[in-house]
Amino acid sequence: MTESPHPLLPTATPVLRLDDDLVQVGGVDGRAGLRLHPAGTEVTALLRGLDGRRSERTVRSESVAAGLPLEVVDDLLAGLRGAGLLHDLAAADLLATDPGPAAAARAGLELPAAVPRAGTAGRWRSRRQSAVVVDGATRVGTPLAAVLAASGVGRVHVRDRGATRAGDAVVGGATAADEGRPRALAAADAVRRASPLTDLRPLPPERAPDLVVLCHPWAAADPLSVALQRAGTPHLVATVREETGVVGPLVLPGTTSSCLRCAEARRRDDDPAWPRLAAQLAGADPGPSGATVTCLLTALTAAVQVLALLDGADEPGAVGATLELRPPDLLPRVRRWPPHPDCDCGAAARLAAAGA
Ligand SMILES: [Zn+2]
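Along each chain, residues carry numbers from 1 onward, in the same order as the chain's sequence is written. Where totals are concerned, whole chains, interfaces and linings use all residues; where local detail is concerned, this predicted model gives features only for residues with pLDDT of at least 70, and gives and counts side-chain atom pairs only at 80 or more. Only hydrogens and water are set aside when side-chain values are computed; all heavy atoms of the structure are taken into account.

Under the annotation held in an unreviewed UniProt entry, the protein carries the name Thiamine biosynthesis protein ThiF and is attributed to Modestobacter muralis.

Asks: Tell me about the pairing of strand β2 (residues 15-19), residues and numbers included.
Replies: At least two bridges found by DSSP between two strands are what make those strands a pair. By definition, any uninterrupted DSSP run of H or I lasting at least four residues is a helix, any uninterrupted run of E lasting at least two residues is a strand, and each is numbered from the N terminus. Sheet analysis places β2 next to strand β3 (residues 22-26), joined by four bridges and oriented antiparallel. When the bridges of β3 are listed, D19 appears paired with L22. Once β2 ends, the chain turns through two residues before running back antiparallel as β3.

Asks: I'd love a proper account of helix α7 (residues 141-150), names of residues and values included.
Replies: Three exposure classes are used, based on accessible area relative to the maximum for each residue type with a 1.4 Å probe and protein chains only: buried under 20%, partly exposed in between, and exposed over 50%. Of all 10 residues making up α7, eight are buried, and the element is well covered by its neighbours. Those residues of α7 that sit buried are G141, T142, P143, L144, A145, A146, L148 and A149. Of the residues flanking the end of α7, it is G152, one or two places downstream, whose phi is positive at about 105°.

Asks: Any chance you could break down the sheet that holds strand β4 (residues 33-36) for me, citing the residues and the numbers?
Replies: With antiparallel pairing, three strands are arranged side by side in an open sheet as β2-β3-β4. The open sheet has two edge strands with one neighbour each: β2 and β4. Neighbour to neighbour, the strand axes of the sheet diverge by 20° on average, direction disregarded. In the sheet, β3 pairs with β4 via four bridges, with the strands oriented antiparallel. Across the sheet, Q24 pairs through a bridge with R35, a residue of β4. The criterion used for residue contact is that any of the two residues' heavy atoms lie within 4.5 Å. Here an angle of 0 to 180 degrees is reported between the N-to-C directions of two axes, which are lines fitted to C-alpha atoms, with helices fitted over the stretch in contact. Across the face of the sheet, helix α1 (residues 41-48) comes into contact with β2, β3 and β4 while running at roughly 165° to β2.

Asks: Report on the pattern of salt bridges, specifying residues and quantitative values.
Replies: A pair is scored as a salt bridge if a Lys or Arg side-chain nitrogen falls within 4 Å of a carboxyl oxygen belonging to Asp or Glu. One pass over the structure, following the stated rule, counts 23 salt bridges. The partner of R81 in a salt bridge is D88, with the nearest N and O atoms 3.0 Å apart. Ionic pairing is found between D189 and R192, a salt bridge with its closest N-O pair at 3.1 Å. Of this pair, D189 and R192 both sit in helix α8 (residues 183-194), three residues apart, which is roughly one turn of that helix. Assessed through its relative accessible area of 24%, D189 is described here as partly exposed. Judged by relative accessible area, R192 falls into the partly exposed class, the value being 42%. One network of salt bridges, with partners in common, ties together D160, R165, D168, R183 and D285.

Asks: Explain the coordination of the zinc ion to me, and be specific about the residues and the numbers.
Replies: Taken together, C259 (SG), C262 (SG), C343 (SG) and C345 (SG) make up the protein donors of the zinc ion, found 2.2 to 2.3 Å from the metal. The site at the zinc ion holds four donor atoms, and with the angles between them running 98 to 119°, its shape is tetrahedral. Here the term donor refers to an N, O or S atom within 2.8 Å of the metal (or 3.2 Å for Na, K and Ca), and because water is left out of the atoms, sites may appear incomplete. In the primary structure, the donors to the zinc ion are separated according to the pattern C-x2-C-x80-C-x1-C. Linking C259 in the loop between β10 (244-251) and α10 (260-270) with C345 in the loop between β12 (332-336) and α13 (347-355), this pair joins segments that are 86 residues apart in sequence. Relative accessible area serves as the criterion here: at 13%, C345 is assigned to the buried category. Four donors are marked tetrahedral only if all angles between them lie between 85 and 135 degrees, whereas four are marked square planar and six octahedral if opposite donors are more than 155 degrees apart and the other angles lie between 65 and 115; the remainder are marked irregular.

Shown next, in the form of structure tokens:
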């Protein structure tokens, strides 16, 4: 690492005093914590000063100037880091937050989840620089767009050509008062309520989105998904079919993971009549679907997948699989969709070559 990290102790981490000279940081409710001794007021000032805005180098020199021995400062930082209490930001992460105290307060709550541990500096910046298109201002799509914006995704555009129906209203999405308004405008308002400064504009033709989320129930036969596959744009299904929330597959074109058409070929293998059924499902407008709890849990499950992809975390669980949320328990079940040898996406051949 060439750059000095910017240590952040989240404001939500408790700093509790046990006696005049003993302080406990975190360590409540089953999480790791650290007890510091001796710990006078200079130590608590140092802890509260770890707001991610100063580099470690500056923290050290300013703490020494305030009267703390350097080895105490270093031991304290190493101890916090060892207990997993510190989040190391990059300077670029800080510059990526919108200006103003309100945006900083909101970002302060999102940052620890985006930069979960040492070695993940820079993830907040990549999230802030990302652009996601949500196709379909549905009972899943609109709350999902709002969650992504609130989680720091820099640009979130919701695409939809329909008008809001009474059943489209959902917590975190379109409101009852939106009935009759264009769904795209109702969705934009929902995103603004959650995150006023997020860029909602459509992307210019020369910029491909980092991800497109397909929120209509049957997207595999949609020409849009074919175009995304051809353009190499990652895409994710997030919808409710009948009563079941479905997240995935997350398609990463050009990799060994399967595509939507691989899954269609698997369904056709299971039932030769599937293409005729699928054509009717994709052609009809099924209207709003899903109970509120199903829609919101589907939106949140999808958001976790989207953020994992944008942040460059480990491979998201929905790659080559669907996470299905079925009432009444809504516990996620994983359904795998291996690449199909007949599909022209090439995933099956790449997988075979990787295996050989
Ligand atoms: Zn395929």
